[in-house]
Amino acid sequence: MVVSGGPDLGTGALTQRLERFRAEHDAFRSAVVNEPRGSDVMVGALLCDPVDHDCAAGVIFFNNVGYLGMCGHGTIGAVTTLAYMKRIAPGEHSLETPVGTVSAILHENGQVTVHNVASYRSAADVEVDVAGYGKVHGDIAWGGNWFFLVHDHAMELELSKVDQLTTFTWAIRQALVASGKAGDDGKEIDHIELFASSRIPGVDSKNFVLCPGKSYDRSPCGTGTSAKLACLYADGKIREGQTWRQESIVGSVFEGSVRVRQGKVYPSITGSAFVNAEAELVLDPQDPFCMGIRA
């Protein structure tokens, strides 16, 4: 979480500031999340002044290869950080993101519930021929990012199998691109999500999520869980307000539910984040890797 000292992106909508970030200050993104300071698995977030002053903050999410419209676990982290900085107290707060305003509840116990943007399934039971694996079927869905949610696979979702899972899901992503399958308006599907049964009592599902930079999500993925909830609701497998629990590949759990307003599905995700360090980054122009190691 970049709380101060980040690039001056000016004013205007978060979408405009994100584009300035991308066009004029992308090296800063790399400096924060890439080696030697970061790693491929990190998601960064830049706190910004909101346009709507009723919002607690604006936030732009980024990772090792680019920018994210929305990040569920990142939003939980942003709210936790704002609370740690004593900028907010328990209660409901709004945050501006590039894909719209989201609201979040900071609970007395430190947990955070994120009310996400409207989520939906764009295409059901899509077939894709994956080199080395054969035909795979899944749903294309939006939860703040574009996902391919895989129904049928023979993979074991265990942390010890991460290399095999990464190879498989990366092959799916490449196959989607090669076959021209995309989200609405031709947007690339840059997240791949597998599901299996959870062994934790009371937990409905376990997932593995491949993120855009070819790393896997350590959380159960807020936007991915939102996309899954939208598909479950469309199939009549969950009711409005019903709690559905999603385990990550590392064993953490999010609780999800949906609200329906004017025919649109709005997921809510509850989880926890913890501040584990405060740091001041030093950007020394004499350092050849000052702005990060980039492929």
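In every chain, residue numbers begin from 1 and rise along the written sequence. Restriction of local features to residues with pLDDT of at least 70 applies here, the model being predicted, together with a cutoff of 80 or more for giving and counting side-chain atom pairs; totals for whole chains, interfaces and linings are based on all residues. Excluded from the side-chain calculation are hydrogens and water; included are all heavy atoms of the structure.

A. Focus on the environment of Leu232. By the element assignment, Leu232 lies in helix α5 (residues 222-234). In this structure Leu232 comes out as buried when scored by relative accessible area, which is 9%. In what follows, a contact means two residues having at least one pair of non-hydrogen atoms within 4.5 Å. The contact partners of Leu232, leaving out residues within four places of it in the chain, are Lys237, Ile238 and Trp244. A run of H or I in DSSP becomes a helix once it reaches four residues, and a run of E becomes a strand once it reaches two; helices and strands are each numbered from the N terminus. Residue exposure (1.4 Å probe, protein chains only): buried if accessible area is under 20% of the type maximum, exposed if over 50%, otherwise partly exposed.

B. Examining unusual backbone geometry more closely. In this model, Glu35 is joined to Pro36 through a cis peptide bond whose omega is 10°. Position of Pro36 among the secondary structure elements: in the loop between α2 (26-33) and β1 (44-48). The backbone phi angle of Lys86 is positive, close to 65°, even though this residue is not glycine. Looking at the element boundaries, Lys86 is found in the loop between α3 (72-84) and β4 (91-97). Relative accessible area serves as the criterion here: at 74%, Lys86 is assigned to the exposed category.

C. A look at the packing of aromatic side chains. When two rings of Phe, Tyr or Trp (its six-membered ring) have centres within 6.5 Å they constitute a pair, described as stacked for plane angles under 30 degrees, edge-to-face for angles over 60, and tilted for the intermediate range. Evaluation of the coordinates by the stated rule reveals seven aromatic pairs. Measuring from centroid to centroid gives 5.2 Å for Phe21 and Tyr67, while their planes differ by 65°, and the two rings are edge-to-face. Of the two residues, Phe21 is situated in helix α1 (residues 14-24) and Tyr67 in strand β3 (residues 67-68); the sequence distance between them amounts to 46 residues. Phe21 sits in the buried class, given a relative accessible area of 0%. Its relative accessible area of 15% is what places Tyr67 among the buried residues. Three or more aromatic residues joined by ring pairs make a cluster, and in this case those are Phe21, Phe28, Phe62 and Tyr67. We call a charge positioned over a ring when the NZ of a Lys or the CZ of an Arg lies within 6 Å of the ring centre and within 35 degrees of the ring normal. Here the basic side chain of Arg218 rests over the ring of Tyr216, its NZ or CZ set 3.7 Å away from the ring centre. Here Lys228 stacks its cationic end above the ring of Phe195, 4.2 Å away from the centre of that ring.

D. Structural detail: a negative patch on the surface. A patch consists of residues exposed above 30% relative accessible area that lack any salt bridge, with like charges linked at up to 9 Å and nonpolar side chains (Val, Leu, Ile, Met, Phe, Trp, Tyr) linked at up to 5 Å. Note on areas: these come from Shrake-Rupley sampling with a 1.4 Å probe, and a residue is covered only by the protein chains present in the view. Within this document, salt bridges are pairs made up of a side-chain nitrogen of Lys or Arg and a carboxyl oxygen of Asp or Glu, the two lying within 4 Å of each other. Here the positive residues are Lys and Arg and the negative ones are Asp and Glu; neither His nor the chain ends is included. Charged side chains are reduced to one point each, which is NZ for Lys, CZ for Arg, CG for Asp and CD for Glu. Among the surface-exposed residues, Asp125, Glu127, Asp129 and Asp152 lie close enough to one another that they form a single negatively charged patch. Mapping Asp152 onto the fold places it in the loop between β9 (146-150) and α4 (162-178).

E. Here's a closer look at α5. Residue count minus one, scaled by 1.5 Å, sets the expected span of a helix. With 13 residues, α5 should reach 18 Å at 1.5 Å per residue; the first-to-last C-alpha distance of 18 Å fits that figure. When we look at burial in α5, the residues that qualify are Gly222, Thr223, Gly224, Thr225, Ser226, Ala227, Lys228, Leu229, Ala230, Cys231 and Leu232. Following α5 by one or two positions, Gly236 has its phi on the positive side, about 75°.

F. Just the nonpolar core, in detail. One finds Val136, Phe148, Ile172 and Phe208 to be the most contacted residues of the largest nonpolar core, which totals 53 residues. Counting residues per element, this core draws most heavily on α4, which supplies seven residues. Those residues within four positions of Ile172 in sequence are excluded, and the remaining contacts are Val130, Val136, Phe148, Val150 and Ile192. Formed by 13 residues, the second largest nonpolar core is a distinct cluster that contains Leu18, Val32, Leu46 and Cys48. Residue types Ala, Val, Leu, Ile, Met, Phe, Trp, Tyr and Cys, when buried and joined through side-chain atoms within 4.5 Å, form a set referred to as a nonpolar core.

G. The environment of Lys161, seen in detail. Locating Lys161 in the fold gives a position in the loop between β9 and α4. The class for Lys161 is partly exposed, based on a relative accessible area of 28%. Distance from Lys161 to Ile249, taken between C-alpha atoms, is 9.8 Å for residues 88 residues apart in sequence.

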